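One letter stands for each residue in the lines below.
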Amino acid sequence: MAFAKTLRQVTVIVLAAGLALSMGSGGLLSTAAAGSRDNEPHVLVGLAKTKSVSLGFSQDYRLAAGQTTHQIPPQSSVRLESRRGKISVTVSSAASVTFEAQLDSPVLISPSYESSTAYFTIRDQGNTSTGFPGQEFRGSAVIFEDQGTLTVANLVGLEEYLWSVVSSEMPCSWPKQALKAQAVVSRTYAVYTGAITDTADATNIDAIRIWANESHQVYRGKTNEDPRAVEACMETKGQILTYQGMPVAAYFHADSAGMTESVRFVWGGDIPYLAAVEEIPHESHHSQWEVAFDLEILNQKLSGVLPGSRIDMISGCQPGDSGRWFCVDIKAGNRTANVRATQFRYLLELKSTWFSIFRKGGGRDTIGQLNPGHEIYVDNGTSVQPVPLKQCIMLNSGGKRNTLGGAWVIAPGQPGPATFVFQGRGYGHGVGLSQWGAKAMAERGDDYKQILTHYYPLTHIEAWW
């Protein structure tokens, strides 16, 4: 995959079964072609899947598909449509059509000459869930036809790609050291996923290993580049995180709210540098949150888990080091479904898997399960201190230790409809870098290297180009 210091071709092998690049299940092997330290590596970023797209250009561009080439002057418009396995291309200038053809996939549209000001603009898209109309992208456009749909991708220098990613993923008003940490993490993540490519490889749709959305890293092109983020990228140019000489799985999230989580309690597997670490105290919009669902709405959202059932109780199980749940039990009558907490979070659109659960209303007792990371106040004889439940020994009615992973509470019933309340902390999966935590460390005076080695223990920072 990469541009290693010895310029050798390397293969990046994920160290734990069960951890996939899409943060779910799937393949665990990632590779990329070797390159040169003197040449900035490129990345092929998937932008959207659509039926049609129209592009504009800032300077002379060149269209190439198979044996066909065509020069595109500035201010021209190129419309591409999927049509019977081909790509229909129409080039217009001053309202006149200057070129029409049915071309084989893919179509590569690149600047005719190297220029730091070259960019293309997505003018409009059709039938797409992810749109970029009006946004500008550096580098080249690559359009693939895939079973009646166009896949629009951007072949761009990795460092220029990062200018937009860091601007999009972290508030640029934050301290520079936090921005620099984000730059190294985002660069590492792109290398780790196998997104590095060159012009020859970019003609294969399988070369798209990274997408411009939250499933990977948010990327909005030249339109969203903040000078402070650009500076952070330039000051860390070519630097990536490595473990035993290989790029790490540099996952990141918005806020851990006090402690990150070991990857084995999120997606499974065991990776030493993705262990749970404590954060310095800080406050954010995500430090505490609460979401309530009427029982009818909850039944609808979870209908795919227990079809045709009315939910009686929900409980978390197998808490991780931080208290985040690894799985959730959903009980309806005599039926119980066990689902991954990551799936449960997705179904209910919760901020994280760190939550306590309360059932109230409906003419029944109020019952709740406190998350093991939930703090209770304990009098130690001299003062009252907050202590996480996971540090307490909880006994059940028989005097045995509670192994359910959270204390249960019960209170008299309340009037009104049956409702489930989730009280939680943090935002995101909880693995790797916590962005709000990085901000707090930077404000304390830590530099980006200290931030990175805190969130990714046992790793090193290396300059690969």
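As a reminder, the structure under discussion sits directly above these lines.
Rules used in this analysis
- Residues numbered from 1 in each chain as written.
- Predicted model: local features only at pLDDT ≥ 70, side-chain atom pairs only at ≥ 80, totals over all residues.
- Heavy atoms only, no water.
- Helix = DSSP H or I, 4+ residues; strand = E, 2+ residues; numbered from the N terminus.
- Expected span 1.5 Å × (residues − 1).
- Buried < 20%, exposed > 50% of the residue type's maximum accessible area, 1.4 Å probe, protein only.
- Pairing = 2+ DSSP bridges.
- Axes fitted to C-alpha atoms, helices over the stretch in contact; angles between N-to-C directions.
- Phe/Tyr/Trp six-rings, centres within 6.5 Å; stacked < 30°, edge-to-face > 60°.
- Lys NZ or Arg CZ within 6 Å of the ring centre and 35° of its normal.
- Core = buried A, V, L, I, M, F, W, Y, C linked by side-chain atoms within 4.5 Å.
- Disulfide = S-S within 2.5 Å.
- Salt bridge = Lys/Arg side-chain N within 4 Å of Asp/Glu carboxyl O.

Asker: What is the right way to read helix 1 (residues 158-169) from this model?
Answerer: Residue pairs spaced three or four apart in an α-helix point in one direction, given the helix's 3.6 residues per turn. Between its first and last C-alpha, helix 1 extends 16 Å over 12 residues, near the 16 Å set by a 1.5 Å rise per residue. For helix 1, a buried count of 11 out of 12 residues is recorded, marking the element as mostly surrounded by other parts of the structure. The complete set of buried residues in helix 1 reads Leu-158, Glu-159, Tyr-161, Leu-162, Trp-163, Ser-164, Val-165, Val-166, Ser-167, Ser-168 and Glu-169.

Asker: Teacher, can you tell me more about the sheet that holds strand 28 (residues 408-411) here?
Answerer: Working definition: the strands of a sheet are paired by backbone hydrogen bonds and lie parallel or antiparallel to each other. Reading across from one edge, 20-29-24-25-28 is the order of the five strands in this open sheet, with antiparallel pairing throughout. On the outer flanks of this sheet lie strand 20 (289-294) and strand 28, each paired with one strand and no other. Averaged over neighbouring strand pairs, the angle between their axes works out to 15° when direction is ignored.

Asker: Mind showing me how you'd approach helix 2 (residues 176-192) here?
Answerer: In this model, helix 2 (17 residues) spans 24 Å end to end at C-alpha, consistent with the 24 Å of a helix rising 1.5 Å per residue. Where burial is concerned, most of helix 2 is hidden: 15 out of the 17 residues are buried.

Asker: Please explain the packing of aromatic side chains as it appears in this structure.
Answerer: The geometry of an aromatic ring pair is captured by the separation of the ring centres together with the interplanar angle, meaning the angle of the planes. All chains considered together, the criterion is met by 12 aromatic pairs. When the ring of Phe-120 is compared with that of Phe-137, the centres are 5.7 Å apart and the planes differ by 25°; the resulting orientation is stacked. A residue pair is termed long-range when its members are at least 10 positions apart, and Phe-120 in strand 11 (residues 119-126) and Phe-137 in strand 12 (residues 136-138) qualify at 17 residues. Note on Tyr-161 and Tyr-219: the rings are 5.0 Å apart at their centroids and 50° apart in plane angle, and the pair reads as tilted. Here the residue Tyr-161 occupies a position in helix 1, and Tyr-219 occupies one in the loop between strand 16 (210-211) and helix 3 (227-235), the gap between them amounting to 58 residues. Both residues of the pair, Tyr-161 and Tyr-219, belong to the buried class. Joined through ring pairs, the aromatic side chains of Phe-120, Phe-137, Tyr-161 and Tyr-219 make up one cluster. When the ring centre of Tyr-119 is taken as origin, the NZ or CZ atom of Lys-222, which lies over that ring, is 4.7 Å away. A cation over an aromatic ring shows up here: Lys-439 above the ring of Trp-174, its NZ or CZ 5.7 Å from the ring centre.

Asker: Got a minute to help me understand unusual backbone geometry in this structure?
Answerer: Leave glycine aside and you will find that most residues have negative phi; peptide bonds, for their part, are mostly trans. In this chain, Ser-105 is followed by Pro-106 through a cis amide linkage whose omega measures 0°. Turning to its location among the elements, Pro-106 is positioned in the loop between strand 9 (96-103) and strand 10 (107-111). One non-glycine residue, Leu-458, adopts positive backbone phi at about 75°. Relative to the elements of secondary structure, Leu-458 occurs in the loop between helix 7 (448-455) and strand 31 (460-463). Overall, the relative accessible area of 57% leaves Leu-458 in the exposed class.

Asker: Could you clarify how one ought to interpret the nonpolar core in this entry?
Answerer: Soluble globular proteins: nonpolar side chains tend toward being buried together. Ranked by internal contacts, the top residues of the largest apolar core, which has 88 residues, are Leu-55, Leu-80, Val-89, Ile-109, Tyr-161 and Tyr-456. Among the elements that make up this core, the one with the highest residue count is helix 2 (10 residues).

Asker: What am I meant to see in the sheet that holds strand 12 here?
Answerer: Taken in spatial order, the six strands of this open sheet run 9-8-7-4-11-12, and their pairing is antiparallel. Edge positions in the sheet fall to strand 9 and strand 12, since each has one partner strand and no second. Between one strand and the next, the sheet's axes are offset by a mean angle of 25°, whatever the strand orientation. Note: strand 4 (residues 52-57) against strand 7 (residues 77-83), five bridges, orientation antiparallel. Across the sheet, residue Gly-56 finds its bridge partner in strand 7, namely Ser-77.

Asker: Any chance you could explain the state of the cysteines here in plain terms?
Answerer: In a disulfide, the sulfur atoms of two cysteines are held together by a covalent bond. A full pass over the atoms with the stated rule returns zero disulfides. We note that Cys-172 lacks a disulfide partner, and the nearest cysteine sulfur, in Cys-233, lies 9.0 Å from it. What makes Cys-172 buried here is its relative accessible area of 9%.

Asker: Please clarify how the environment of Asp-206 should be interpreted in this entry.
Answerer: Along the chain, Asp-206 falls in the loop between strand 15 (196-197) and strand 16. Relative accessible area serves as the criterion here: at 55%, Asp-206 is assigned to the exposed category.

Asker: Explain the pattern of salt bridges to me, please; I cannot follow it from the model alone.
Answerer: Pairs may arise between side chains of opposite charge once their charged atoms sit close together. Applying the stated criterion to the full structure yields 15 salt bridges. For Arg-79, the salt bridge identified is with Asp-124, shortest N-O distance 3.6 Å. Of the two residues, Arg-79 is situated in strand 7 and Asp-124 in strand 11; the sequence distance between them amounts to 45 residues. On the basis of relative accessibility, which here comes to 31%, the residue Asp-124 falls in the partly exposed class.

Asker: Please clarify how the pairing of strand 8 (residues 86-93) should be interpreted in this entry.
Answerer: Strand residues, when the strand is regular, have side chains that alternate between the two faces of the sheet. Here seven bridges tie strand 7 to strand 8, and the two strands are oriented antiparallel to one another. Looking across to strand 8, one finds that Leu-80 is bridged to Val-89. Adjacent in sequence and paired antiparallel, strand 7 and strand 8 are bridged by two residues, among which Arg-84 carries a positive phi angle near 50°. Where strand 8 and strand 9 come together, seven bridges link them in antiparallel fashion.

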